[in-house]
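# Results of the structural survey
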Number of protein chains: 2
Amino acid sequence: MKKVVFFGGGTGAFTVLSGLKKHPIELTAIVTMADDGGSAGILREEFGVLPPGDIRRALLALSETDNEVLLPLFNYRFKEGAGLNGHNFGNLMLTALERITGNLPTAIKEAEKILSVKGAVVPVTLYKSKLFAGLDDGQVIKGETNIDIPKHDGRIKIKKVWLKPKSYINPVAERAIASAEAIIIGPGDLYTSIIPNLLVIGVTEAIKKSKAKKIYIVNVMTKFGETNNFSAGDFITEINNYLGDNILDYALVNSKLPSYWRMRNYILERASAVQIEGLPEKPSPVFGDFLRTRGFVRHDSDKLARVIVSLI
Amino acid sequence: MKKVVFFGGGTGAFTVLSGLKKHPIELTAIVTMADDGGSAGILREEFGVLPPGDIRRALLALSETDNEVLLPLFNYRFKEGAGLNGHNFGNLMLTALERITGNLPTAIKEAEKILSVKGAVVPVTLYKSKLFAGLDDGQVIKGETNIDIPKHDGRIKIKKVWLKPKSYINPVAERAIASAEAIIIGPGDLYTSIIPNLLVIGVTEAIKKSKAKKIYIVNVMTKFGETNNFSAGDFITEINNYLGDNILDYALVNSKLPSYWRMRNYILERASAVQIEGLPEKPSPVFGDFLRTRGFVRHDSDKLARVIVSLI
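Structural notes, computed from the coordinates.

Cut-offs applied
Residues numbered from 1 in each chain as written. Chains lettered and ligands numbered in written order. Predicted model: local features only at pLDDT ≥ 70, side-chain atom pairs only at ≥ 80, totals over all residues. Heavy atoms only, no water. Contact = heavy atoms within 4.5 Å. Buried area = accessible area lost by both parts, 1.4 Å probe. Salt bridge = Lys/Arg side-chain N within 4 Å of Asp/Glu carboxyl O. Polar contact = N/O pair within 3.5 Å; in protein donor to acceptor, adjacent residues only side chain to side chain. Buried < 20%, exposed > 50% of the residue type's maximum accessible area, 1.4 Å probe, protein only. Helix = DSSP H or I, 4+ residues; strand = E, 2+ residues; numbered from the N terminus. Pairing = 2+ DSSP bridges. Expected span 1.5 Å × (residues − 1).

Counting from both sides, the interface comprises 28 residues of chain A and, opposite them, 28 residues of chain B. Summed over both sides, the interface between chain A and chain B buries roughly 2400 Å², with carbon and sulfur atoms accounting for 77% of that surface. Our count for the chain A to chain B interface comes out at 2 salt bridges. Residues Glu80 of chain A and Arg99 of chain B are paired through a salt bridge, measuring 2.8 Å at the closest nitrogen-oxygen approach. Viewed at the interface, chain B and chain A are joined by 2 residue pairs in polar contact (both at pLDDT 80 or more).

See below:
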């Protein structure tokens, strides 16, 4: 079985992983640890644990359990109770497992058993640090949530993001990258889900050293406050800024335009479809219709998985 | 397989169930719903759910999972976090499952699957009511916790306990009692774990109608504020007061005196070993050494299970 390493977070990670899961490959999902909002943020603050949100989503995506209630349970968010309101059950489970087993990687291993997970979920780092963003006008924004849901003027461009204090790669992630035959990056929020992985010391080095085919999946929609008006070329250029030029082999670029009816929900969010413009010579673009046929304008799990499998 | 119904709550229930589990019998654990303290109390207050504490303990006792972390996880109590401190993970899981599935019995069924439970755990009632105690001096105490951990002068005897509003038997419990070949009651806190089951309308009627052998397990220790200086006869008489005379067939009475060294921890708790005195003619007493050989002065799971199995 081909060894595939995936980098990402958020709903993009769920999409890619749940598609790849159906193919005979050995998957390692490396997840970002920069999340500091919501339930995960509270647990991070009060328990000092690493943020469990992206781990939870990756476990859900890779679960092969036939228990029909286990996944809704793991994804359940309490909506009542002074102390519990807003907490996610899966996050609480990962926190309790971390307390019982003594560390996050073992807690994840136990959760993988309970949920019958195919593959492995690996935190990119075990160091705790915070994400910062420097804007074009000189402002510095502290914290993943404050970048993700912008409290600043969302029209001002992000110039640079960094982690503080420094964090170092999880050796398990490093080994997975070294032995991978393919590395998939994205899709997902560029500055809050994707690039935070590349900011961890040792990650870009490990990717560069690896002989794996390196595939970046370009987002289908821009995001206000992060990637306003970004073209496919802008996404790739920005990844290259952090990863280095000539590292990526392929960029998957959606060429199907979503209908007006599906796009109209995005007007209020000030998001738009990513245009095919400004593509650099490398990585080689792979065009295709990667969209879901209905609902949110997002990648389709199965379409993505098929093209990824054909490339590796 | 013989059908056995068990009534109880608290650590006594855990002891009996984890012993009986090892024998080839079909077990139904009927659990009291009067608990209103701690984590369960908060969930009851804020979520309006039935108290999950005794259900959790019964599920743990009957679990046959070979996953080594699942039981510590289900029993884990959060010790940090403003909103989570004191909450029990298993209680949160039952609460989330109740929200997801829509009702407590289905939630318990799902938890039984996750934990690979042998037998069934059935709430005695699905009605929500509060436990009250009338003391000898005329005082009325409201709430299971306030009776269990007495805020009143613990030397004053409990005259009577009742539920308000009235609650009615869960039909699933009723059917289990009707088809049982043996009914086991206790051990456990007399007024807060055992008798609350008998206060539910329909329970004593169902027990009386049942052709099952009815066995009461007398506590090995008295409890300050509930059963000060109670002899084995006092326990049985009080059960008979609520259940009716001549219903019980056997009473299991421990005849092994705990050593001075083990008893000395109980001096501060003002608890003492239950003396064999004042036994009525019926039920037939079954004497034996039912004590654990070390640690807390409690029943031994395996000793109890062996004698129960020999009687039924």
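Here the focus is the pairing of strand β4 (residues 130-135) of chain B. All names here are of chain B. Counting buried residues in β4 gives 5 out of 6 residues, a clear majority hidden from the surface. Examined bridge by bridge, β4 and strand β6 (residues 158-164) share 6 bridges and lie antiparallel to one another. Bridge assignment links Lys130 to a residue of β6, and that residue is Lys164. Bridge analysis of β4 against strand β5 (residues 140-142) gives 3 bridges, and the strand direction is antiparallel. Its bridge partner lying in β5, Phe132 is registered against Lys142. Connecting β4 to the next strand, β5, in antiparallel fashion are 4 residues, including Gly138 with a positive phi near 100 degrees.

Moving on to helix α11 (residues 232-243) of chain A. Residues and elements named next belong to chain A. The end-to-end C-alpha separation of α11 is 16 Å, in line with the 16 Å expected for 12 residues at 1.5 Å each. When we look at burial in α11, the residues that qualify are Ala232, Gly233, Phe235, Ile236, Glu238, Ile239, Asn240, Tyr242 and Leu243. Against β6 (158-164), β7 (182-185), α9 (190-198), α10 (203-209), β8 (213-217) and β9 (250-254) lie the buried residues of α11. Immediately beyond the C-terminal end of α11, within one or two residues, lies Gly244, with a positive phi of roughly 110 degrees.

The next thing to look at is the pattern of salt bridges. One pass over the full model with this rule turns up 20 salt bridges over all chains. The salt bridge involving Asp153 of chain A is made with Arg155 of chain A; its shortest N-O contact spans 2.9 Å. The shortest N-O distance in the salt bridge between Lys223 of chain B and Asp148 of chain B comes to 2.3 Å. Pair noted here: Lys223 of chain B is in the loop between β8 (213-217) and α11 (232-243) and Asp148 of chain B is in helix α7 (residues 144-148), with a separation of 75 residues, a long-range link. With a relative accessible area of 18%, Asp148 of chain B lands in the buried category. Here the salt bridges share partners, and the residues they tie into one network are Asp148, Asp189, Lys223 and Glu226 of chain A.

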